[in-house]
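These are the residues of each chain, in order.
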Amino acid sequence: MATHRINHHSNDDTLDNVVEQHANKRLKKIQEERAQAYEKGHHHSGVARFFMNLVVIIAVLLMIIMMFWK
């Protein structure tokens with residue numbers, strides 16, 4: 001009976017180790033996914049950024065001009 005318990009606990013320990021390894025892998029994957037959210041994203045090229053800034057400047061200037069237009 002004692003031998004059966006030792007073997008039974010040995011199988012439980014093996015199962016616990018497998019479950020723990022799987023949980024650790026999943027936790028590591030989740031941590032990597034969360035870390036990616038804080039990494040810098042893709043930046044636009046210099047030409048695209050220039051045109052976006054130009055559009056914003058023109059829009060702001062038009063709004064200012066329209067406020068004082070009589």
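These remarks concern the structure in this document.

The rules behind the values
Residues numbered from 1 in each chain as written. Predicted model: local features only at pLDDT ≥ 70, side-chain atom pairs only at ≥ 80, totals over all residues. Heavy atoms only, no water. Helix = DSSP H or I, 4+ residues; strand = E, 2+ residues; numbered from the N terminus. Buried < 20%, exposed > 50% of the residue type's maximum accessible area, 1.4 Å probe, protein only. Areas by Shrake-Rupley, 256 points an atom, 1.4 Å probe, with all protein chains shown as cover. Phe/Tyr/Trp six-rings, centres within 6.5 Å; stacked < 30°, edge-to-face > 60°.

Our focus in this paragraph is the overall build of the chain. Along the chain, the regular secondary structure elements total 2 helices and 0 strands. Taking all 70 residues of the chain together, 0% fall into the buried category. Entry remark: accessible area of the chain is about 7200 Å², with carbon and sulfur atoms responsible for 64%.

In this section: the packing of aromatic side chains. Summed over all chains, the structure comprises 1 aromatic pair. Ring geometry for F50 against F51: centres 5.4 Å apart, planes inclined by 70 degrees, an arrangement best described as edge-to-face.

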